[in-house]
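Residues per chain are reported as follows:
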Amino acid sequence: MNISIVGTGYVGLVTGVCLAQKGHEVICVDKKSDIIKKINNMICPIYEPKLPEMLEEAVKEKRLIATSDLEFAVNNSDVTIVAVGTPFNSGAIDLSYIETCVKEIGSILEDKEAYHVVCIKSTVVPSTTDSMVRKLLEEASQKKAGCFGLAMNPEFLREGCAVDDFMNPDRIVIGAYDDKSYELMSEIYKDCFDAPILKVNLRTAEMIKYTSNSLLAAMISFANEVSNICEGIGSIDAIDVFNGLILDKRISIRSKSKVLLPGLVQYLKPGCGFGGSCFPKDVKALVTHSIQNNYNPEMLEAVLRINEIQPTIMIKKLEELIGNVKDKKIAVLGIAFKADTDDIRESPAIKIIKELLEKGSVVYATDPQAIANTKKELKGIEGLKLVKNYREALCDADAVLLVTAWDIYKKIKPKDFIKLMKRAVVVDGRRIYDKKEMEELDIAYSGIGINN
Ligand code: UGA
């Protein structure tokens, strides 16, 4: 099928490249000419495993082209997928990029005779597609919905494994304005993806996306709340508590003495909080939208409050171990919001670094991928040194905070901390180190979820 995709950010580009790989003809559209140039020259503009190779193949085989010409893209495709950003501004998501883009598509549709489906893939609060988007398209095209198709097809891509998630989806959700829109949308997926296709209305599709991220975020905050309760009581390791919890047959499956853990269980782990461009923004947006629709979502508000506090617990633990942190050299391992990404948006590490700097520490932070983004975000902040590797960060440090669970940091041995640091003091925000091993070598160790 001929598909145009507006927005070549992380969602749009992954979608475009993967659909091209599945045999569709894809036109990617973006206003940024430098990105268009890069894509057409087979240079991947974002960090995402597997994407560069697949982009190269798709462009070489002429199944994917990029352009700034939206009119060309709409006129040469059957479906336009909108994947522009919906940033979070003053308490709610900002729909201005969607608005602009949908108006432009609408005016192109005024002169297009062939049936065309407009599909929203950007994460938008429930009712956006069937109210705002539909109205703008109808006004700009001078046609009623039905003459053109309208759909909402949320994405469930995790950064760092977005390509695998797209190619092997758990489910494909298609919210459709009418049967005709649904039929065309399902053509994109039905013969080339092995996953159930869920046909729902537009609002339900939008809500499935928010519910999915809200549940995962809630599981993390639940784990952190239990962890904080355990720490308050003392002599309980929250990790042991969760190891006991997940053996429940309703949570995991036992098969021939093996315990099979569903992926969801990975989110039931105490840590220094969730981040990224999705969970914080989506939960906040749903809270605001819910209040605007006359329901006060107390549980989701608590999910956010717990997540605000969680990074500060790292500093509290550090102060318990070394006292005043002023003028101390503190190493921070990991700045990205999770491993295998260069994304630092809403990362707990940023909050932790800022708080340490406010308290007068000298911070040596490192990350295998996120240094360039951190330089942009924290440019010129006094007291912060961004270093290439963990050895440089640990060298002569008074303490280290482990914030992101990169594999390379999991491999650091207790004796490395002793050898490299001035004082071997370790605060483990992701519980990747063995407390017993650390203490056997007299390392001062503290981890989220333990207090004894
Ligand atoms: C998340 C969802 O997982 C995707 O399904 C969704 O499509 C995406 O948001 C989105 O809305 O676009 P992502 O933010 O890339 O994807 O990251 P996750 O891997 O889910 O991580 C989110 C948070 O959960 C991070 O703070 C991470 O540290 C934490 N996490 C992640 C865990 O606690 N355990 C894990 O096993 C994985």
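Above this note sits the structure.
The following paragraphs examine the structure supplied in this document.

Rules and cut-offs
Residues numbered from 1 in each chain as written. Predicted model: local features only at pLDDT ≥ 70, side-chain atom pairs only at ≥ 80, totals over all residues. Heavy atoms only, no water. Helix = DSSP H or I, 4+ residues; strand = E, 2+ residues; numbered from the N terminus. Rg over C-alpha atoms; globule rule 2.2 N^0.38 Å. Buried < 20%, exposed > 50% of the residue type's maximum accessible area, 1.4 Å probe, protein only. Contact = heavy atoms within 4.5 Å. Areas by Shrake-Rupley, 256 points an atom, 1.4 Å probe, with all protein chains shown as cover. Lys, Arg positive; Asp, Glu negative; His and termini not counted. Charge placed at Lys NZ, Arg CZ, Asp CG, Glu CD. Pairing = 2+ DSSP bridges. Axes fitted to C-alpha atoms, helices over the stretch in contact; angles between N-to-C directions. Core = buried A, V, L, I, M, F, W, Y, C linked by side-chain atoms within 4.5 Å. Arc of directions from axis to C-beta. Polar contact = N/O pair within 3.5 Å; in protein donor to acceptor, adjacent residues only side chain to side chain. Salt bridge = Lys/Arg side-chain N within 4 Å of Asp/Glu carboxyl O. Patch = residues over 30% accessible without salt bridge, like charges linked within 9 Å, V, L, I, M, F, W, Y side chains within 5 Å. Phe/Tyr/Trp six-rings, centres within 6.5 Å; stacked < 30°, edge-to-face > 60°. Lys NZ or Arg CZ within 6 Å of the ring centre and 35° of its normal.

## Some thoughts on the overall build of the protein chain
Item 1. Per the secondary structure count, the protein chain includes 18 helices and 18 strands.
Item 2. In terms of overall size, the protein chain behaves like a compact globule, its C-alpha atoms giving a radius of gyration of 24 Å where 452 residues would be expected to give roughly 22 Å.
Item 3. Principal-axis analysis of the C-alpha atoms gives the protein chain an extent of 75 × 45 × 45 Å.
Item 4. Counting across all 452 residues of the protein chain, residues that qualify as buried make up 54%.
Item 5. Contacts spanning at least 24 positions in sequence make up 72% of the contacts within the protein chain whose residues lie at least 6 apart.
Item 6. Carbon together with sulfur atoms contributes 51% to the accessible area of the protein chain, which is approximately 20700 Å² in total.
Item 7. Across the protein chain, 59 positive and 64 negative side-chain charges occur, with their mean positions spaced 4 Å apart.

## Comments concerning the sheet that holds strand β15 (residues 384-387)
Item 1. Here we have six strands laid out as an open sheet, ordered β15-β14-β13-β16-β17-β18, and parallel in their pairing. With one partner strand each, in any of the chains shown, β15 and β18 (444-447) form the two edges of the open sheet. Averaged over neighbouring strand pairs, the angle between their axes works out to 20° when direction is ignored.

## Describing the nonpolar core
Item 1. Residues Phe417 and Tyr433 are the most contacted members of the largest nonpolar core, which totals 55 residues.
Item 2. Here this core takes six residues from helix α13 (residues 348-358), the largest share from any one element.
Item 3. Beyond its immediate stretch of four places on either side in the chain, tyrosine 433 contacts Leu333, Leu402, Tyr409, Lys410, Ile412, Phe417, Val426, Asp428, Met438 and Tyr445.
Item 4. Of all hydrophobic cores here, the second largest spans 45 residues; its members include Leu70, Leu95, Val133 and Leu136.

## So, the sheet that holds strand β4 (residues 79-82)
To summarise the sheet geometry, strands pair through backbone hydrogen bonds and adopt either a parallel or an antiparallel arrangement.
Item 1. One open sheet holds the eight strands; their spatial order is β3-β2-β1-β4-β7-β8-β9-β10, and the pairing between them is mixed. Only two strands of the sheet have a single neighbouring strand rather than two, namely β3 (64-67) and β10 (197-200). Ignoring strand direction, the axes of neighbouring strands in this sheet form an average angle of 25°.
Item 2. Two elements, β4 and strand β7 (residues 117-120), share four bridges in a ladder whose sense is parallel. Within β7, the position partnered with valine 82 by the bridge is isoleucine 120.

## Some words on helix α10 (residues 238-245)
Item 1. Three or more residues of α10 are buried, namely Ala238, Ile239 and Phe242. Down the axis of α10, the sector holding all buried residues measures 100°, keeping them to one side.
Item 2. Against the buried residues of α10 lie α9 (202-233).
Item 3. Two or three places before isoleucine 239, at the opening of α10, aspartate 237 has a side-chain oxygen 2.9 Å from that residue's backbone nitrogen.

## Describing the side chain of glutamate 206
Item 1. In this fold, glutamate 206 is placed in helix α9.
Item 2. Despite its burial, glutamate 206 remains without a salt bridge, the nearest opposite charge being carried by arginine 203 at 5.9 Å.
Item 3. Beyond its immediate sequence surroundings of up to four residues, glutamate 206 is in contact with Val124, Val125, Pro126, Ser127, Thr128, Thr129 and Met152.

## A few points about a nonpolar patch on the surface
Item 1. On the surface, a cluster of nonpolar side chains totalling about 250 Å² of accessible area is made up of Leu247, Val259 and Leu261.
Item 2. Turning to its location among the elements, leucine 261 is positioned in the loop between β12 (258-260) and α11 (279-292).

## Some details on the packing of aromatic side chains
One pair of aromatic rings is described through two measures. These are the centre distance and the angle between the planes.
Item 1. Taken as a whole, this structure holds seven aromatic pairs when the rule is applied.
Item 2. Put simply, the rings of Phe166, Tyr189 and Phe193 touch in pairs and so form one group of aromatic residues.
Item 3. Here the guanidinium or amino end of lysine 180 rests over the ring plane of tyrosine 115, the centre of that ring lying 4.0 Å away.

## A word on a negative patch on the surface
Item 1. A surface patch of negative charge is lined by Asp69, Glu71, Glu110 and Asp111.
Item 2. Position of aspartate 69 among the secondary structure elements: in the loop between β3 and α4 (70-75).

## Details of the pattern of salt bridges
Item 1. The full count for this structure, using the stated rule, is 27 salt bridges.
Item 2. With a shortest N-O distance of 3.1 Å, lysine 209 and glutamate 155 are connected by a salt bridge. Of this pair, lysine 209 sits in helix α9 while glutamate 155 sits in the loop between β8 (149-152) and α7 (162-167), and the two are 54 residues apart along the sequence.
Item 3. The residue lysine 435 makes a salt bridge to glutamate 439 at a minimum N-O spacing of 3.3 Å. A residue pair is termed a helical-turn pair when its members lie 3 or 4 positions apart in one helix, as lysine 435 and glutamate 439 do in helix α18 (residues 435-440) at four residues.

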